[in-house]
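The chain contents come next:
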Amino acid sequence: MIGLPFFDSQDAADHGFLQYMGKSNDGSLVFSVGFETASTPVIKAVKNLLALGKAGAVNVTYVETREVINILMIIGGILSRLLGLTFLGRPLVAWGTQLAYKKIVALVEATERKIKLREQRGQ
Amino acid sequence: MIYFYHCYRGAHLSCVAAALHLGIIKPSAKVEEILGLEYFDVLQNRDMGVPVLAGYCHGNPVCFVGVGSGSKIFPRFADCLTEKLQANVQYKAVDCLQCINLPTRIGGFLSRFKGFKALGRRLAAWGVHKNLEKIYALVLHAKRS
């Protein structure tokens, strides 16, 4: 997990920038992005901006991953990213992520199901 | 071009910036005029992310919106996403939070509580009034660039 690209590597200055992670099985582009605690208003504002700018049909699925965060990830993240104590924080974040792993997998599977269902309805 | 003025709640700084942009108030406006703005101290935390269309300037929509603590993140994400989607959206995101001062901060906080609404509103308006020139400079910069 620690060897994953971008794992525990972002600073505050990187938040808001899309990080390309790769392509999914159905050919969709997958990105990750950090929002600190402002994910809800920022996503809502950007959606409204695109609608106001008549950007047309934009096929973007926003997935909030904050719901799977646990205390170990929070403490580890603060130690590693905020205080620069990577040697202490990173293993904690990795441990927390390992504990939350099933929840993360469930979230991804639920998202895939949602996209599939939406595509079927759209056809 | 869509002008997107944003601050924490969209209730004070960005609302006044949009009013300045549209000429609803002048940079020499008094505290009473700021308090008289239709949307001053109206938006709440639950409204964050929902832009208010304040009007049109030469056919361009002028909006204000609250983005919580995401004032730095919002323009980055909007730029990235529009670029990746190749969406032809012409916009200017203006961060008004840089014009915040202590009275506006305290006033904005107090105005959320029932018994302190009037006091909070006035304090926030006074704070905004003190920084009106700075907000106007931001508006002029957005208009020119």
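Every value quoted in this text rests on a predicted model; they were computed, and no experiment measured them.

## Things to note about the overall build of chain B
When its secondary structure is counted, chain B shows six helices and four strands. Residues classed as buried in chain B amount to 54% of the 145 residues present. Residue pairs in contact within chain B that sit at least 24 positions apart in sequence constitute 69% of those at least 6 positions apart. If you sum the accessible surface of chain B, you get close to 7000 Å²; carbon and sulfur atoms cover 55% of it.

## A look at the interface of chain B and chain A
Between chain B and chain A, the residue contacts involve 28 residues of the former and 29 residues of the latter. Of the roughly 2200 Å² buried between chain B and chain A on both sides combined, carbon and sulfur atoms contribute 81%. Area buried by chain B at its contact with chain A is led by Ile73, Arg76 and Phe77 of chain B, which between them contribute 29% of it. Our enumeration of links across chain B and chain A arrives at zero salt bridges. Our count for the chain B to chain A interface comes out at seven residue pairs in polar contact (both at pLDDT 80 or more). Looking at the side of chain B that touches chain A, the elements with two or more residues in it are β1 (2–7), β3 (60–66) and α3 (73–85) of chain B. It is α3 of chain B that provides the largest number of residues to the side of chain B that touches chain A, a total of ten residues.

## Section: the sheet that holds strand β2 (residues 52–57) of chain B
All names here are of chain B. Reading across from one edge, β2-β3-β1-β4 is the order of the four strands in this open sheet, with mixed pairing throughout. Both edges of this open sheet fall to β2 and β4 (91–95), since each of them pairs with a single strand only. Adjacent strand axes in the sheet meet at a mean angle of 20° when their direction is disregarded. Against the sheet, α3 engages β1 and β4, with an angle of about 165° to β4.

## A word on the pattern of salt bridges
Residues and elements named next belong to chain A. This model, assessed by the stated rule, comprises seven salt bridges over all chains. Between Arg90 and Asp8 there is a salt bridge whose closest N-O contact spans 2.7 Å. On the criterion of sequence distance, the pair formed by Arg90 in helix α3 (residues 86–99) and Asp8 in the segment before β1 (19–23) is long-range, its members being 82 residues apart. Taking relative accessible area as the criterion, Arg90 reaches 25% and is therefore assigned partly exposed. The class of Asp8 is buried, set by a relative accessible area of 11%.

## A look at the environment of Ala54 of chain B
Residue and element names in this part refer to chain B. Its location among the elements puts Ala54 in strand β2. Residue classification places Ala54 among the partly exposed residues on the basis of a relative accessible area of 30%. Dropping the residues within four chain positions of it, Ala54 is found in contact with Ala18, Leu22, Val62, Cys63 and Phe64.

## Brief notes about the state of the cysteines
Residues and elements named next belong to chain B. Under the definition given, this model contains zero disulfides over all chains. Free cysteine: Cys96, not disulfide-bonded; nearest cysteine sulfur from Cys7 at 6.2 Å. For Cys96, a relative accessible area of 1% gives the class buried.

## What to know about unusual backbone geometry
The residue Glu36 of chain A is not glycine, and still its phi comes out positive at about 55°. Here Glu36 of chain A shows up in the loop between β2 (29–32) and α1 (39–52). A positive phi angle, near 60°, is found at Asp41 of chain B, a position not held by glycine. Here Asp41 of chain B lies in the loop between α2 (31–35) and β2. A residue is classified by how much of its surface remains accessible, and Asp41 of chain B, at 2% relative accessible area, is buried.

## Section: a negative patch on the surface
There is a patch of like negative charges on the surface, built from Asp26, Glu109, Glu112 and Glu119 of chain A. With respect to the helices, strands and loops of the structure, Glu119 of chain A is situated in helix α4 (residues 101–122).

Cut-off values and rules
- Residues numbered from 1 in each chain as written.
- Chains lettered and ligands numbered in written order.
- Predicted model: local features only at pLDDT ≥ 70, side-chain atom pairs only at ≥ 80, totals over all residues.
- Heavy atoms only, no water.
- Helix = DSSP H or I, 4+ residues; strand = E, 2+ residues; numbered from the N terminus.
- Buried < 20%, exposed > 50% of the residue type's maximum accessible area, 1.4 Å probe, protein only.
- Contact = heavy atoms within 4.5 Å.
- Areas by Shrake-Rupley, 256 points an atom, 1.4 Å probe, with all protein chains shown as cover.
- Buried area = accessible area lost by both parts, 1.4 Å probe.
- Salt bridge = Lys/Arg side-chain N within 4 Å of Asp/Glu carboxyl O.
- Polar contact = N/O pair within 3.5 Å; in protein donor to acceptor, adjacent residues only side chain to side chain.
- Pairing = 2+ DSSP bridges.
- Axes fitted to C-alpha atoms, helices over the stretch in contact; angles between N-to-C directions.
- Disulfide = S-S within 2.5 Å.
- Patch = residues over 30% accessible without salt bridge, like charges linked within 9 Å, V, L, I, M, F, W, Y side chains within 5 Å.
- Lys, Arg positive; Asp, Glu negative; His and termini not counted.
- Charge placed at Lys NZ, Arg CZ, Asp CG, Glu CD.

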